[in-house]
Amino acid sequence: MSGVIDLSALELRDAITAGEVSATDATRAYLDAIETMDKKLCAYNETFAERAMRQAEMIDKARSVGQPMKPLAGVPVALKDNICTSFGLTSCSSKMLENFHAPYDATVAGKLASAGAIVLGKTNMDEFAMGSSTENSARQTTRNPWDTSRVPGGSSGGSAAAVAGRMCAMAIGSDTGGSIRQPAAFCGCVGLKPTYGRVSRYGLVAFGSSLDQIGPLTRDVADAAMMLGVLAGHDGHDSTSVDKPVPDYLASLDKPIENLRVGLIKEFHSESLDAEIRGAVDKAAEIYRDAGAEIIEVSLPHSRVDIDEAGQLSSYAVACYYLVATAEASSNLARYDGVHYGHRTAEKVGGIVELYSRSRAEGFGDEVKRRIMLGTYALSSGYYDAYYLKALKVRRLIKNDFDAAFEKCDVLLAPTAPETAFKIGDKTADPLTMYMSDIYTISANLAGIPGISIPAGLSKSGLPLAVQLLGNVFSEETLLRAAKMYEKASGNSRLTPEMMK
Ligand code: GLN
């Protein structure tokens, strides 16, 4: 059965602009879909049905009196629950912020609103974006629309499940170590992490401030290009957002790239890689070769993935990330103490120190506590040089490897995740195994470069496969065009889970 909710965001925008579909009908269709599907998928922490309908009516009215339609007019979207909105809650799926009303809109939320998008709700995530399966949520367990016994990935798992489950036309996620791209891969969507500095982080609840970026989760590459065009740009509220012109990503998308040079990352393409995922990467390389691109083997020695005799994966990049990200998190999360921000214990306490410590003990989940402790340790005197400073040096080496690779190539081709969506509960007992989910994504965050995950068909067991493309800083235009080339030639876009058919 196909209907309004099966259109891509771009198609829907065009249909609304042309008057073929009303924004009210589209919003109603999505709210109905949420009503029926979200009981099974548990992607939304909160929805804004009335507000959304009111906005849709305003758009229809504007159109009826001949006002020009905006670039996302009437497109229903979902926001990850770490994007501040002046309406509803911004909980970060944490008990710590379960009643937090942000006093302002994140820049991206404001930009979406100015572009005419309609916010349907806030989506579930790993608490404070720490995790790879959305199981670290204090709210609920989100399920993968392709197999509800499996995780949607994380930490933007709610956003990915909402896109794949046809419960929004597109969604916003945040990516500190892979949290847009890995859930996109698990759910069969497109997920784009922009260059660090391309999109304002103002109003994104901070996790690892030197790594965090906001980006789109969409049905296809064109929608990602359209959404990035709306989100990108300098913002005086975020000094790390870069003042560079924003290209019209959508307008250039279909232009073929002459003499494209695609790098195949030697260290990621090893025997240890899952055979089906390796097959998907090989197939993608073949598609590029057939399209006239040159395939060049490149080496990223400091991002290499090692495997020991017991089959345990390890990587410098993962080790480096879990020092940098936890160090930054321990500092960012210091503000949640029950006084400045967040949950305050109801217990009678003896003084301020006990108030802080009880509030924090009650408000944070296990994984968040683990990160705060790790980060605090890495930053403490005596360990700072041995851990944090060392990690910063490794980070530089990782970045140098990318710089060298981009001398030879325009984009790099890689897997997104080492496996397809795993079962709920499979990795919760062992944090290290969970951390390895990001083995192919986190180097991009450490280097600040953009990356996109694109669907690559289905595995034998019917789960989404994906490939990842990485680009040089601020090369999103090329990255999206290269992604579109693959999407078009592979015919893999817009996969529909069985339960949605
Ligand atoms: N899975 C990684 C972590 O737990 C990445 C999370 C993210 O990108 N927000 O830190």
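Since the structure is predicted, the reported quantities are computational estimates derived from the model, not experimental observations.

In spatial order, the strands read β1-β3-β2-β4-β6-β5-β12-β13-β11-β7-β8; together these 11 strands make up an open sheet with mixed pairing. Each of the sheet's edge strands pairs with one partner strand only, and the pair in question is β1 (44-47) and β8 (294-298). Strand-to-strand twist of the sheet, defined as the mean angle between neighbouring strand axes without regard to direction, takes the value 30°. Bridging between strand β11 (residues 411-415) and strand β13 (residues 464-471) involves five bridges; their strand directions are antiparallel. What sits directly across from Leu 412, in β13, is Leu 470.

Turning next to the site of the ligand. Lining the immediate surroundings of the ligand are 15 residues, of which Gly 177, Ser 179, Tyr 321, Arg 371 and Asp 438 lie closest. Measuring from a nitrogen atom of the ligand, one finds a side-chain N or O atom of Ser 155 at 3.4 Å. One of the side-chain N or O atoms of Asp 438 is found 2.7 Å from a nitrogen atom in the ligand. Against a free-state accessible area of 290 Å², the protein chains account for coverage of 100% of the ligand. Partitioning the shell around the ligand into residue classes produces five nonpolar, seven polar and three charged.

The nonpolar side chains of a soluble globular protein tend to be buried, and buried together. One finds Leu 112, Phe 128, Leu 469 and Leu 480 to be the most contacted residues of the largest nonpolar core, which totals 155 residues. Those residues in contact with Leu 480 that lie beyond four places of it in its chain are Leu 192, Val 221, Ala 224, Ala 225, Leu 228, Tyr 249, Leu 253 and Ile 452. By size, the runner-up hydrophobic cluster in this structure holds six residues, among which are Phe 186, Ala 417, Phe 422 and Met 434.

Evaluated as defined, the whole model comprises 20 salt bridges. Between Asp 254 and Lys 484 there is a salt bridge; the shortest N-O distance is 3.0 Å. With a gap of 230 residues between them, Asp 254 in the loop between α7 (221-231) and β7 (261-265) and Lys 484 in helix α15 (residues 476-490) connect regions that are remote in the sequence. Given the relative accessible area of 15%, Lys 484 is considered buried.

Counted under the stated rule, the structure contains 17 aromatic pairs. Relative to Tyr 387, the ring of Tyr 383 lies with its centre 6.2 Å away and its plane at 35°, an arrangement referred to as tilted. The class of Tyr 387 is partly exposed, set by a relative accessible area of 34%. Three or more aromatic residues joined by ring pairs form one cluster here, namely Phe 100, Phe 128, Tyr 336, Tyr 341 and Phe 364. Positioned over the ring face of Phe 87 is Arg 51, at 3.4 Å from the centre of the ring. Here the basic side chain of Lys 244 rests over the ring of Phe 474, its NZ or CZ set 5.3 Å away from the ring centre.

What follows concerns the pairing of β13. Moving residue by residue along a regular strand, the side chains alternate between the two faces of the sheet. The element β13 is largely enclosed, with a buried count of eight among its eight residues. Side-chain alternation along β13 places Pro 464, Ala 466, Gln 468 and Leu 470 on one buried face and Leu 465, Val 467, Leu 469 and Gly 471 on a second face that is also buried. If you look at the hairpin formed by strand β12 (residues 451-458) and β13, you'll find five residues sitting between the two strands, and Gly 462 has a positive phi there, around 85°.

Attention shifts here to the pairing of strand β3 (residues 118-123). A large share of β3 lies buried, amounting to six of its six residues. In this sheet, β3 lies alongside β1 in antiparallel orientation, the contact comprising three bridges. Bridge pairing links Glu 46 to Lys 122 in β3. Two elements, strand β2 (residues 76-80) and β3, share five bridges in a ladder whose sense is parallel. Counterpart to Val 77 in the pairing with β3 is Val 119. Note on the crossover from β2 through helix α4 (residues 107-114) to β3: the handedness is right-handed.

The relative placement of two packed helices is expressed as an angle between their axes plus a distance between the axes. It is the contact of α4 with α7, at a shortest axis distance of 9 Å, that shows an interaxial angle of 110°. Here α4 lies roughly perpendicular to α7, going by the angle between them. When you trace α4 past α7, the crossing you get is right-handed. Along the contact surface, α4 presents Val 108, Lys 111 and Leu 112, while α7 presents Met 227, Val 230 and Leu 231. Taken together, the residues of the contact of α4 with α7 break down into five nonpolar, no polar and one charged.

Cut-offs applied
- Residues numbered from 1 in each chain as written.
- Predicted model: local features only at pLDDT ≥ 70, side-chain atom pairs only at ≥ 80, totals over all residues.
- Heavy atoms only, no water.
- Pairing = 2+ DSSP bridges.
- Helix = DSSP H or I, 4+ residues; strand = E, 2+ residues; numbered from the N terminus.
- Axes fitted to C-alpha atoms, helices over the stretch in contact; angles between N-to-C directions.
- Near = heavy atom within 4 Å.
- Polar contact = N/O pair within 3.5 Å; in protein donor to acceptor, adjacent residues only side chain to side chain.
- Areas by Shrake-Rupley, 256 points an atom, 1.4 Å probe, with all protein chains shown as cover.
- Nonpolar A, V, L, I, M, F, W, Y, C, P; charged D, E, K, R; others polar.
- Core = buried A, V, L, I, M, F, W, Y, C linked by side-chain atoms within 4.5 Å.
- Buried < 20%, exposed > 50% of the residue type's maximum accessible area, 1.4 Å probe, protein only.
- Contact = heavy atoms within 4.5 Å.
- Salt bridge = Lys/Arg side-chain N within 4 Å of Asp/Glu carboxyl O.
- Phe/Tyr/Trp six-rings, centres within 6.5 Å; stacked < 30°, edge-to-face > 60°.
- Lys NZ or Arg CZ within 6 Å of the ring centre and 35° of its normal.
- Right-handed = clockwise from strand over helix to strand, strands pointing away.
- Parallel < 35°, antiparallel > 145°, perpendicular 65-115°, else oblique.
- Left-handed = near helix turned anticlockwise from the far one by under 90°.

Without other data, these values stay purely geometric and don't point to any function.
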